[in-house]
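# What the coordinates show
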Amino acid sequence: MLDINNLSLSYGTQKVLQNLSISLQQGEIGCILGPSGCGKTTLLRAIAGFKSVQAGSISIKESVVSDAKQQMPVAKRKIGVVFQDFALFPHMSVLKNVAYGLSKLSKSEAHKLAEEAIELVGLNDAKTKYPHELSGGQQQRVAIARAIAPKPDLLLLDEPFSSLDPDLRERLSSEIRHIIKQQNITALLITHDQTEAFAMADKIGVLHDQQCQQWGTAYDLYHEPATEFIADFVGEGVFIPVKVVAYENDTGSTIEPSEDKLLWLETQLGRFLLPEEYLVNGTFKAGDTAKMLVRPDDLRHQDESVLKAKVVGRAFRGAHILYRLSLNDSEPLLCLAPSHHDHKLGESFGIHLEVEHVICFPN
Amino acid sequence: MRVGVNRLIKSAFKGSAFTVYSILAGALLGLPIFVIFFSFFYWDNAIWQHLSATVLPKYISNSVILAFGVGFGATILGTYLAWIIVNYHFYGRRVIQWMVLLPLAMPAYIIAYTYTGLLDFAGPVQTLIRDTFELTAQDYWFPEVRSLSGAIILMSLVLYPYVYILARTAFSEQSQKYREVSQLAGVSPLKHFFKVALPLARPAIMTGGALAMMEALADFGTVEYFGVSTFTTGIYRTWFGMGDIKAASQLSGFLCLFVFILIMIERMSRRDSQNYSSRQGKSAQAKKVKGLNGVLIFLLCSLPVVFGFIIPFVQLATWTLRFSDLSNLADYPEYAINSAILASIGSVVIVAMALLFSYAKRLHPSKTVSGFIQLVSLGYALPGTVIAIGVLVPLGWVDIKLNIFTNMWFNFQPGLVFSGTVFALIFAYAVRFMSVALNNTEAGIQRIRPSMDEASKVLGDSPLQRLFRIHIPLLKASILSAGLLVFVDILKELPATLVLRPFNFNTLAVKAFELASDERLIDAALPSITIVLVGILPVIILTRTLDGIDRKNA
């Protein structure tokens with residue numbers, strides 16, 4: 001549906017994005033996540049056709065809409081955009097706003113489509129009202145209705161929830177996801193807020209350093225981050241130092257050495273087998289030092305566990321408490337424990353390791 | 001009424017001396033407005049029968065056509081200039097941006113007689129036509145400058161900046177996103193202008209148009225010089241020619257009805273423009289225009305300035321430098337000094353009064369004080385002739401009573417101490433220009449944080465000390481610009497000065513007008529060009545302020 005291939009964007013001599021490739025299937029919701037100033041908005045403007053492309057291509061429905069040579073006019077792309085500040089016309093009623101992009105159609109047709117879109121976002125009662133008479137959440141819905149009324153092939157949302165209150169943000173984002181899914185609309189959202197990205201998107205791309213660091217599901221980003229930046233940027237976690245050592249089957253482990261190239265990761269928490277994909281790449285060799293990602297959910301709290309750490313910090317989060325733990329005076333680890341396991345600072349804290357994904361980066 | 005007076009007294013005592021001041025000064029400045037307003041209720045049938053049988057229909061139709069014509073002309077010129085300057089980058093845009101406001105420095109009566117000199121039968125243009133084509137007067141037709149349509153065109157040329165300033169701010173505040181929405185919807189730029197940009201700027205444009213129409217209704221010099229009978233010329237003639245103050249004040253009251261309609265339109269538009277405020281995200285980016293199109297746009301934008309300022313200014317300069325004879329120069333210092341003294345006294349008094357109003361409101365914000373401030377800011381809408389009559393009536397009454405009183409007890413008549421002196425002039429100026437000063441002092445005082453007052457209070461300042469130690473030093477810039485604006489406005493003011501000036505007291509404006517009326521256009525050039533040159537000062541300040549707003553929006 002949406003295919004972006006090796007896209008490079010720049011302003012004058014200043015490069016913004018390089019070799020970016022992402023794609024979305026019909027009905028998928030994608031999300032571009034990144035800190036402010038990483039080029040998210042530039043990408044969105046390039047897809048909409050407001051900005052020219054320096055290299056690579058953007059295709060919608062298998063036809064190229066932008067590449068270095070040509071650029072399809074904005075109006076012909078069949079794209080809907082929900083702007084960050086909504087950009088509703090203050091002098092037009094809700095109905096007029098929504099019908100604005102339907103002026104090519106006959107009056108009755110336009111009216112019908114606009115009413116449908118308004119119905120869809122649940123604003124039937126506010127049809128004749130003006131934007132300044134609406135709440136922020138309602139304005140947001142009008143903006144969505146206006147963008148989807150002409151039945152676009154692709155819907156772009158530019159930080160659609162950033163101007164709303166946090167709790168409204170959460171409710172609206174699930175509502176809007178529902179609408180988009182129900183209409184089988186392909187959508188691309190940009191945001192700097194990961195909870196928003198996790199709540200809305202099927203596929204997420206993280207922009208950093210002019211690159212798309214990874215394009216995958218929220219699960220992938222969290223549990224199998226492709227780069228150190230993503231590991232750090234998405235979710236919580238700490239890096240612990242590891243030493244890469246040659247595999248010796250001296251522990252009575254059940255793992256059968258299929259090849260003698262297997263490597264151990266030696267940490268203060270024990271030894272882990274280096275996953276095979278790292279072996280293929282040849283990133284590590286015996287004797288290297290590296291760092292391993294430990295997420296708060298990789299550590300399980302068990303009072304009876306033999307492995308004991310000391311509580312050096314705690315943050316109450318309602319259902320859970322996020323503990324900061326120190327093991328042998330090392331860098332603190334994070335552990336998310338159910339809230340009724342209430343341990344004071346300095347207390348000893350039994351932990352049990354359940355590392356499902358071993359993620360490791362060279363130093 | 002009783003309740004109202006009681007409440008007034010109560011709120012006066014609840015506040016401080018500043019509140020008492022604002023009530024007394026407010027009542028004093030409101031007096032002329034009330035005099036005119038109430039004279040309308042002392043309906044005199046005989047006067048109206050006479051008026052409606054003779055001149056009234058002409059006054060009404062001319063005034064209405066003039067106001068609408070100027071409103072229309074100024075709106076068209078101001079809107080297209082604002083749209084182009086906000087949305088296009090072309091060679092020479094910075095120069096145009098600066099020059100576009102220059103016509104503000106050109107009073108309508110001066111541009112009127114300058115163009116008359118240029119375009120009438122003996123003027124250089126017609127002479128050139130006759131000489132080139134060897135024609136006589138009967139052979140060709142040339143439009144008559146001294147006509148209602150001439151007045152409309154010339155006034156539009158100097159009043160369009162009122163629309164331009166407001167429209168420009170409105171256009172430049174429109175978010176770039178709006179254009180993108182239109183692009184996404186496949187709406188053409190022209191359609192976008194009519195469906196989105198123009199409707200959004202409509203309240204601002206209408207406010208500017210209403211202001212231009214008020215100025216047109218208030219004009220006296222142009223229409224009198226062109227021999228077009230309007231309310232203002234009628235009021236002047238009724239009083240000066242026939243000495244009939246009663247008829248003059250009745251006519252003034254009638255004119256005020258039109259003015260109040262315009263005030264309503266203006267106020268309503270201002271309120272609308274708040275609802276329509278579209279200050280979201282980045283402002284529209286100007287599009288680059290190069291080559292021939294750039295040159296065309298430059299020419300298109302320079303036309304109003306060329307006709308509204310450059311041509312008349314060059315003509316005035318030529319007259320002054322080439323033809324003025326030295327004997328006229330002898331009187332010039334006297335008018336210039338009279339004007340300067342009058343404008344200096346006026347601006348000091350008016351700015352001081354405005355400052356006290358603003359400070360009183362800050363100390364004890366109450367409905368009463370705000371109400372009086374609103375009342376005294378109404379003066380800007382009232383024509384100078386009307387204010388003159390409104391000042392003359394009560395001051396004349398006081399003078400008569402005073403003379404009777406002193407004659408009775410001391411056998412001595414001091415004469416017209418109020419109505420026949422500079423006092424009456426300053427009074428009239430204060431009524432007319434108080435809002436100009438108040439705009440500045442109000443905006444300035446609102447920028448001072450309330451914590452400043454609290455800090456000064458805690459450290460033991462009295463309200464008066466606070467005014468001098470905190471507010472006046474912080475308001476220096478506002479006070480100076482208020483003073484300059486009032487100074488220039490007084491310098492340019494014609495009708496009230498003409499009616500109220502003491503016997504044989506001439507100012508630059510009065511002299512310029514009298515000389516022009518006597519068809520001594522060349523001699524009128526020197527006082528005129530003086531007024532125009534001084535008038536450029538506030539234009540410079542205004543340009544800078546607008547540039548500042550631009551930078552904030554960018």
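Residues numbered from 1 in each chain as written. Chains lettered and ligands numbered in written order. Predicted model: local features only at pLDDT ≥ 70, side-chain atom pairs only at ≥ 80, totals over all residues.

## Quick look at the domain arrangement of chain A
Residues and elements named next belong to chain A. In plain terms, the rule: The split of the chain into domains comes from an automatic or database domain assignment. C-beta atoms are placed from the backbone for every residue, and two residues are taken to be in contact when these atoms lie within 7 Å. Residue polarity follows a fixed list, in which Ala, Val, Leu, Ile, Met, Phe, Trp, Tyr, Cys and Pro are nonpolar, Asp, Glu, Lys and Arg are charged, and the others, Gly among them, are polar.
Along its sequence, chain A is organised into domain 1 (2–233) and domain 2 (238–362). Distance from the C-alpha centre of domain 1 to the C-alpha centre of domain 2: 39 Å. Contact with domain 1, which involves five residues of that partner, is made by four residues of domain 2. Tallied by class, the residues present in the side of domain 1 that touches domain 2 amount to two nonpolar, one polar and two charged.

## Comments concerning helix α9 (residues 176–184) of chain B
What counts, and what does not: Working definition of burial: number of other C-beta atoms within 10 Å of the residue's own, with buried at 20 or more, exposed at 12 or fewer, and partly exposed in between, all C-beta atoms being placed from the backbone. Helical segments are the DSSP runs of H or I of at least four residues, strand segments are the runs of E of at least two, and each set is numbered from the N terminus.
Here α9 of chain B has its buried residues at K177, Y178, R179, V181, S182 and L184 of chain B. Of the surrounding secondary structure, the elements contacted by the buried residues of α9 of chain B are α1 (40–48) and β6 (79–82) of chain A together with α10 (189–218) of chain B. Backbone geometry just after α9 of chain B places G186 of chain B at a positive phi near 70°.

## Brief notes about the pairing of strand β1 (residues 2–11) of chain A
It is a general feature of regular strands that their side chains alternate between the two faces of the sheet. Residue and element names in this part refer to chain A. Note the cut-off: Note: two strands are recorded as paired if DSSP finds a minimum of 2 bridges between them.
Looking at chain direction, β1 and strand β4 (residues 55–60) are connected through five bridges and run antiparallel. Within the sheet, the bridge partner assigned to N5 lies in β4 and is S57. The pairing of β1 with strand β2 (residues 14–24) spans seven bridges and is antiparallel. In the strand pairing of β2, S10 is matched with K15. Connecting β1 to the next strand, β2, in antiparallel fashion are two residues, including G12 with a positive phi near 60°.

## Quick notes on the interface of chain A and chain B
Taken together, the contacts link 17 residues of chain A with 18 residues of chain B. Each residue belonging to the side of chain A that touches chain B can be placed in one class, and the counts come to eleven nonpolar, four polar and two charged.

## Describing the sheet that holds strand β18 (residues 333–338) of chain A
Residue and element names in this part refer to chain A. The criterion, for reference: Here, axes are lines fitted to C-alpha atoms. For helices the fit covers the stretch in contact, and angles between N-to-C directions go from 0 to 180 degrees.
An order of β15-β19-β16-β17-β18 is seen for the five strands of this open sheet, with the pairing classed as antiparallel. The outermost strands of the open sheet, each flanked by one partner alone, are β15 (299–301) and β18. Between one strand axis and the next, the sheet turns through 50° on average, direction left out of account. Note that strand β17 (residues 320–326) and β18 share six bridges and pair antiparallel. Bridge pairing links H320 to P338 in β18.

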